[in-house]
Structure formats: C-alpha cells, structure tokens
Amino acid sequence: MIETITNYLEAHRDQHIEELKQFLRIPSISAIAEHQPDMIRCAEWIVASLQQAGLENIDIMPTEGHPVVYADWLHAPGMPTVLIYGHYDVQPAEPLDLWETPPFEPIIRDGKLFGRGSTDDKGQLLLYVKAIQAFLQTCGKLPVNVKFCIEGEEEIASKHLPPFVDKYKEKLKADVITLSDTQMQGPGKPALMYGLRGLAGFEINVDGANSDLHSGLFGGAVQNPIHALSKLLSSFHDEEGRVAVKGFYDRVIELSDQEREAFKQVEPDSNKVKTDLHVDALYGEKGFSFYEQTTSRPTLEITSVSGGFQGEGIKPIIPNCATAKIACRLVAAQVPEEIMDAVEAHIHAQSLPGVKVTLDRQLRGNPFITPINNPMMVAAAEAYEDTYGVFPVYTRSGGSIPIVEVLGRVLDAPVVLLGFGLPGENLHAPNEHFHLVNWDKGMETISRFWLKLAASRV
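Thresholds applied
Residues numbered from 1 in each chain as written. Predicted model: local features only at pLDDT ≥ 70, side-chain atom pairs only at ≥ 80, totals over all residues. Heavy atoms only, no water. Pairing = 2+ DSSP bridges. Helix = DSSP H or I, 4+ residues; strand = E, 2+ residues; numbered from the N terminus. Axes fitted to C-alpha atoms, helices over the stretch in contact; angles between N-to-C directions. Contact = heavy atoms within 4.5 Å. Polar contact = N/O pair within 3.5 Å; in protein donor to acceptor, adjacent residues only side chain to side chain. Parallel < 35°, antiparallel > 145°, perpendicular 65-115°, else oblique. Left-handed = near helix turned anticlockwise from the far one by under 90°. Nonpolar A, V, L, I, M, F, W, Y, C, P; charged D, E, K, R; others polar. Buried < 20%, exposed > 50% of the residue type's maximum accessible area, 1.4 Å probe, protein only.

Caption draft 1: Seen up close, the sheet that holds strand 5 (residues 112–114). Taking strand neighbours across the sheet as the criterion, the three strands line up as 4-5-18 in an open arrangement whose pairing is antiparallel. Two strands lie at the open edges of the sheet, namely strand 4 (107–109) and strand 18 (433–435), each paired on one side alone. Going across the sheet, the axis of each strand differs from the next one's by a mean of 25 degrees, ignoring polarity. Pairing between strand 5 and strand 18: three bridges, direction antiparallel. Its bridge partner lying in strand 18, F114 is registered against H433.

Shown next, in the form of structure tokens:
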C-alpha cells in the first residue's frame, strides 16, 4: 500500500507545493494585533485544505484569543485514533532587510522552500493533510482514525490552548498525539525527541531599609541587601555544580542504560563546544555528560541580578533592595510548584538578618517524556527507519514546549514528536526555509507510521 501512497504524492507533488506556497503567503503573525484579519484568513484557508483532503466535522472553534481549527475522520473501527497537533501562526519576519527574498513571497532555491513558516510550522503541518488526502484519494479510507487540533497561538506561548484542551478533552480524546514541530539530527538522520524539560521561573526580592542609605554613615552597621542576596545565591549550588536545595532531585527519573547509550550517538564534542563558546572549561553536575546535563538533568540558573545605582560612575550607598531572577529547567517527573516550595523553604532556612526575602512565582511548565519503549514510539522509529534507511537517534530537548505536556497529561495519551525540520533552517530568523527532500520523506514516514499502528493495533 505504501507504494500506492508515495506514487500519488509524487504525481501531485507540484500541485501540493503550490498549495503550501499559498499557505505561506498569509502573514499569520499572532503576536501583532494588526494581523488579526490574516489569522482568520489563515484559519479559513486551513478549513478549505482539510475539506479538499476529505476530512469531516471541520470547525473553526473560538478561544479567548486566536481560534482553533478542528477536523476529524473516524471511520476505522477498532483502529487507534491519532490526534494531530499543529499551529498556523508564525513569528514576525523582522528584520526584513536580512531576508534575501520577501518573507511572505515563498520561493524555491536549491531544493529548499524559503518563506516565513516554511519549517515552523506550516510546512510540517501540511504533511499530515496531504498524507490523508493521498490515502483517501487512492484507498478511499485511512488506516487509522484521525483528529486535528490546529491552534493559532503557539508562537505566543499557547496562552489559551490549555483551557481549550481541558474543555474539549472528550472531543480531542485519542490513543496517541503526534506533532511535527521539531528537528532531525541532520540531513538523512531522523531523530525522535521523547523528552522536554519543564520550567519554574521566579524572582527573589530582598528588601532592607526603607530607603537607600549613605554608605559612610550606615555602612558596616546595616545589612546590605546585595550582600544578603549574594550569600543566598551562593547557597543554591555546592562546589561540584549540584543544586543544594533539599528535595530538588527527589522526583527525578534517572536515565536507563539504553538511554545513556542512545545519547552517545548525539553527544557533542566538548572541545568544540568550548571553542565555539570561547570558554576554557565547561562546568556542571559531576557524573553526567554535556548532553545529559543539558537535556536530562534539572538546573537552577540565576538569569539576572540587580540592585543599587546602575548609572555611570559610583554612587556610595547601601541600596534598600536587590533582586535576582531564577529559571529552573525541570525533568520528569518534577513538579514546578513543588520545586518553588523547596526553594522557598531553602531561603527561609538561611540566616539573613536585617532583610526581608520574598519569592514571586511567575513561570510554570511541566516536563514531558514518552518512554522510548512505548509501542507508539517503537512504531514511529520503525517508520523513520523504513523511510530514511537508518534508525533514528533518540533525543531530549533542554528547552520547554509546555503545550506538549498539557496535551499528553489532559488527554492521557503518549506524545510522538515526528520532526522533519533540519538544523540551520532559520526558524524564527530571516531566510527561514524547509528542505523539500523532507517534504517528500515526511509524508512517507507519517504514512508508514499510520500503517504500522493499524497493523499492530497498538
């Protein structure tokens, strides 16, 4: 059957790419209010594309922000249901002068399609629509049931999607969630990203006297908030880079031997990292490689410190306040609120006379993981291998995509990240592009994945 699908896709390739160009011409920039009409126009374009592909129950569903487009095809009784997530919004195109061609006038050069949204995420999203169209046009049916949840706010942190998912969780219910908004390891080297770190972000405020004080009149007799903050910040780590907050590591799921072996395939050259960063040494938690430290271990990073006079020259005062901003990257199965509770308890356990210390909790995002031995992941890995001729590497991201964790948790389903972008495709930057070899192989991989799910009924 796969040959029938790929033959159809090859025969209609030019037409499908022209449709992708139409999609890319819509400046659906969610962050800029003046593009609100473009957001609606883009959602309506998706509706027409889904209708053309043969999807049913298509609807533009309102949220407190930009709408969500829903569609489904549910005529494969006894087969798994796949929820496909994607987003139709894009980043602003500025700085425009760095684009070689206009960002919303897509053009193909050297086998790459240039245009804002080409790899993030319109190009990768349309892979699913055209794969469905291929099945329905050639076979009259799909091997699995499918649902779409396509949002318009991913580039502005998906603010309104979590309540939408919670409200419509029965409508969105599925056996597996898939999305293609990530990258491969390199050309011809597929990657299955199976974990993302979470986030706990907060601000520590240290307040001293009721105003700045003359350092000559009060210095040495009144606590300096910057001194107190410095002492506090230095207490957060031990001499070997390990976070010294009690309970910080309690929920961390340790890497399996299989994972550590898999990571060796993607471990960067530490000497090259040092050279690229212009540093003479790397520093971090002992007993873990660079890749493990940056993807599978939690961190507590001080992102900024402020206090006192910041202008030119020296103003000899004892400032009345000081502030530090902290970002903790979390791993499964850590909970942001518990981590901030632990940090707050650590703060109160320190001896800091003469100042008041408060913690302002601001950012929360749960970590995500789908075990690599999950049957859905196994099917995806096999689909990649059958298409690209090599087994994918397993990767984790040091960053966070909170909506991935929300979808998996609320819908109680594994999430499979089938990325077809490549490093260097300039997502979020001028001259964004998508290698069209992965347009072709992406649709084939997705099709094979669905066929494997149907064959095993996982």
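Right, picking up where we left off after that structure.
Caption draft 2: Structural view of the side chain of S49. Tracing the backbone shows S49 in helix 3 (residues 36–53). Ignoring any residue separated from it by four or fewer positions in sequence, one finds S49 in contact with L126, V129 and K130.

Caption draft 3: Here's a closer look at the side chain of R116. Looking at the element boundaries, R116 is found in the loop between strand 5 and helix 4 (122–138). For R116, the side chain forms a polar contact with the main-chain oxygen of P92, separated by 3.0 Å. There is a polar contact of 2.7 Å between the side chain of R116 and the side chain of E432.

Caption draft 4: Focus on the packing of helix 2 (residues 13–24) against helix 4. Interhelical geometry of helix 2 versus helix 4 gives an angle of 140 degrees and a closest axis separation of 11 Å. Judged on the interaxial angle alone, helix 4 and helix 2 are oblique. As for how helix 2 packs across helix 4, the hand of that crossing is right-handed. Note on element contacts: helix 4 touches helix 2 through K122, G123, L125, L126, K130 and Q133, opposite H16, E19, L20, F23 and L24. The class makeup of the residues in the contact of helix 2 with helix 4 is five nonpolar, three polar and three charged.

Caption draft 5: Broad picture of unusual backbone geometry. The linkage connecting D120 with the following residue, D121, adopts the cis geometry, with an omega of 5 degrees. Locating D121 in the fold gives a position in the loop between strand 5 and helix 4. The linkage connecting A332 with the following residue, A333, adopts the cis geometry, with an omega of 5 degrees. Along the chain, A333 falls in the loop between strand 13 (321–330) and helix 12 (336–348). Phi angles above zero are rare outside glycine, and H278 is one such case at about 60 degrees. Structurally, the position occupied by H278 is in the loop between helix 10 (270–277) and helix 11 (290–295). By relative accessible area, which is 72% here, H278 ends up exposed. Its identity is not glycine, yet D412 carries a phi of approximately 50 degrees, on the positive side. Locating D412 in the fold gives a position in the loop between helix 14 (402–411) and strand 17 (415–418).

Taken by themselves, the reported measurements are silent on function.
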